[in-house]
Structure formats: C-alpha cells, structure tokens
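# A look at the structure
Spelled out from the first residue to the last, the chains are:
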Amino acid sequence: MKVMGTTHTGVVELHLTVRDMEEADLPDLACFYSRLGLEKMPAELERARRGVVDHLVVCTPSGLLVAKGGVNYDEKPEAGVIWTLSVRAELRSLGIGTVLIGAAEDRIRARGLPRAEIGVEENNPRALALYERLGYVAYGSEPASWDDEAEDGTVQLYETTCTLLRKDLRS
Ligand SMILES: CC(C)(COP(=O)(O)OP(=O)(O)OC[C@H]1O[C@@H](n2cnc3c(N)ncnc32)[C@H](O)[C@@H]1OP(=O)(O)O)[C@@H](O)C(=O)NCCC(=O)NCCS
C-alpha cells in the first residue's frame, strides 16, 4: 500500500553574484517593471555608464536574475541613495535583499562616500524593519510621487510619503 502525505525537506546553499545590469538583461527583468518603468531603463543604463547611478542585478549560478536595485549618487551630497530594490516575489525572505543591499553599500564605499541612504514608503513596514535591522536609522520623512501605470495602461501620478533612513558606512 502506498503511504501518502510524507514530505521530504532539504537545504541548499546558493551562491549569488551581484553585477551591473546590462541592456541584454532587460527582457528577463520584465517581471520587475511596469511597461513605463521598462521603457525608461535604456536611459537609466546610459546614466549608469556615465557613473551617475549604479543599476545592479542578483544572479544565480545559472544566470537567473532574482533581484535588482540601484544606487543614485546624484541625489544627496556625501551619500549614495539605494533605491528600486526588488526581489522576485516567490524568493523573498531568504536573504537575497540583504545580499543586494550589502553589494550596494560596497559600491558606495568604493566611491569614498561615508553614507548610504534609503527611502521607504510609510506603508511598507516589512522593508523598513529590514533596513533598521541592517543598521539604517530613520531621520525624517518627505513626500514622493511617480507615474504609476494601471493594468488597463492608464498612467496616474502616485503620491506617497517616504521615511528617510541613513547608515554611516565608515564604522
Ligand atoms: C524589501 C525586499 C527588497 C527585501 O528583500 P528580501 O530578499 O525579501 O529580504 P531578506 O530576505 O534579506 O530579509 C527580509 C526577511 O527575510 C528574513 N531572512 C533574511 N535572511 C534569511 C535567511 N537566510 N533565511 C530565512 N529568512 C531570512 C529576514 O529576517 C526578514 O524577515 P522579515 O520579513 O520578518 O523582516 C523584498 O521583500 C521586496 O522586493 N519587496 C517588494 C518591493 C519593495 O518593497 N521594495 C522596497 C522598496 S523601499
């Protein structure tokens, strides 16, 4: 007689690489962006070539892209602002975001900048808790807005408030 209902579990160690995003990655990154967001990426990658921003992707050994994020060096004096962080929905809470933020902080340090900053929407307590656990300290808040595309393709200005956090990278 076949015994039903037994479940086998296992643990694997996954080696991840964080590297600069390339033009050729864009088709594989569609799940992370709205159509509007994806259209802006070639111009964003040009800004990355000029050194104004970094756009990073996290890859598995087989080359699967599992997360992306960026650093903006053009926004705050003496700081790199980490933004557009996103991990594939089905792979969240495994530590991938922590790896990506560590890589972004290395990029900021490599430019000789003393500080990393992150802005997080007030309605995103889980991301806020992660940043605080990684050493970021809230110091204020500011209104933010961006174009948001609905499923029917209409574009509306989305307005929100972000908590601003910073971390001293010198210690
Ligand atoms: C926010 C985001 C980038 C974080 O990435 P992530 O890969 O989920 O983050 P991590 O896994 O490193 O850490 C988050 C959680 O995983 C847990 N975790 C970390 N490493 C872990 C590990 N090795 N094993 C199990 N759990 C782990 C952490 O304790 C944390 O738990 P919490 O959810 O209770 O706080 C991701 O959740 C995401 O893309 N969210 C949607 C978009 C978004 O909100 N972006 C941020 C805009 S500011």
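For the structure given in this document, a descriptive report is provided here.

This paragraph deals with the site of the ligand. Neighbouring residues of the ligand: 18 residues in total, closest Gly95, Gly97, Thr98, Asn124 and Arg126. Between the ligand and leucine 85 there is a distance of 3.0 Å, counted from a nitrogen atom to a backbone nitrogen or oxygen. Contacts to the ligand include arginine 92, whose side-chain N or O atom sits 3.2 Å from an oxygen atom. When the free accessible area of the ligand is taken as 920 Å², the share hidden by the protein chains comes to 66%. Put simply, the parts of the chain that give the shell around the ligand at least two residues each are strand S4 (79–87), helix H2 (96–110), strand S5 (115–121) and helix H3 (125–133). Top element by residues in the shell around the ligand is H3. It accounts for five residues. Grouping the amino acids of the shell around the ligand by side-chain chemistry returns eight nonpolar, seven polar and three charged.

Scanning the entire structure with this criterion turns up 14 salt bridges. Across the salt bridge formed by glutamate 46 and arginine 50, the nearest N and O atoms sit 3.8 Å from each other. We classify glutamate 46 as partly exposed; its relative accessible area is 34%. When salt bridges that share partners are traced, they join Glu23, Glu46, Arg49 and Arg50 into one network.

So, about the nonpolar core. By size, the foremost hydrophobic cluster in this structure holds 23 residues, and its most contacted members are Ile82, Ile108, Tyr131 and Tyr136. Looking at this core, the elements that each hand over two or more residues are strand S2 (53–59), strand S3 (65–72), S4, H2, S5 and H3. Looking at which element gives the most residues to this core, the answer is H2, with five residues. Leaving out residues up to four positions away in the same chain, isoleucine 108 has contacts with Val71, Tyr73, Gly80, Ile82, Leu113, Arg115, Ala116 and Leu169.

Across the sheet, which stays open at both edges, the seven strands sit in the order S1-S2-S3-S4-S5-S7-S6 with mixed pairing between neighbours. The two strands at the open ends of the sheet, each matched to only one other strand, are strand S1 (17–20) and strand S6 (137–149). Ignoring which end each strand starts from, the neighbouring axes of this sheet average 30° apart. Helix H1 (residues 35–49) rests against S2, S3, S4, S6 and strand S7 (155–168) of the sheet, and its axis sits at about 115° to S2. Strands in contact with H2 are S1, S2, S3, S4, S5 and S7; relative to S4, the strand with the most contacts, it is inclined by about 155°.

Scoring rules and cut-offs
- Position labels on residues start from 1 in each chain and follow its written sequence.
- Residues qualify for local features only when their pLDDT is at least 70, as the model is predicted, and side-chain atom pairs are given and counted only at 80 or more; totals for whole chains, interfaces and linings, by contrast, use all residues.
- With hydrogens and water stripped out, all remaining heavy atoms of the structure feed into the side-chain values.
- Throughout, near means a residue has at least one heavy atom within 4 Å of the molecule or strand.
- Each polar contact in these results corresponds to two N or O atoms within 3.5 Å; when the atoms are within protein, one needs to be able to donate a hydrogen and the other to accept it, and residues that are neighboring in sequence are counted only if both atoms are side-chain atoms.
- Exposure was quantified through the Shrake-Rupley algorithm and a 1.4 Å probe, taking into account, for residues, occlusion by the shown protein chains and nothing else.
- The numbering of helices and of strands both runs from the N terminus, where a helix is a DSSP run of H or I of at least 4 residues and a strand a run of E of at least 2.
- Side-chain classes follow a simple rule in which Ala, Val, Leu, Ile, Met, Phe, Trp, Tyr, Cys and Pro form the nonpolar group, Asp, Glu, Lys and Arg form the charged group, and the remainder, Gly included, forms the polar group.
- A pair is scored as a salt bridge if a Lys or Arg side-chain nitrogen falls within 4 Å of a carboxyl oxygen belonging to Asp or Glu.
- Type-normalised accessible area, obtained with a 1.4 Å probe on protein chains alone, sets the label of each residue: buried when under 20%, exposed when over 50%, and partly exposed for intermediate values.
- Take the buried Ala, Val, Leu, Ile, Met, Phe, Trp, Tyr and Cys residues and link them wherever side-chain atoms come within 4.5 Å; each set so joined is a nonpolar core.
- Two residues form a contact once any of their heavy atoms are found within 4.5 Å.
- Pairing between strands is defined by DSSP: at least two bridges between the two strands are required.
- Orientation is described by lines fitted to C-alpha atoms, with helices fitted over the stretch in contact, and by angles between N-to-C directions that extend from 0 to 180 degrees.

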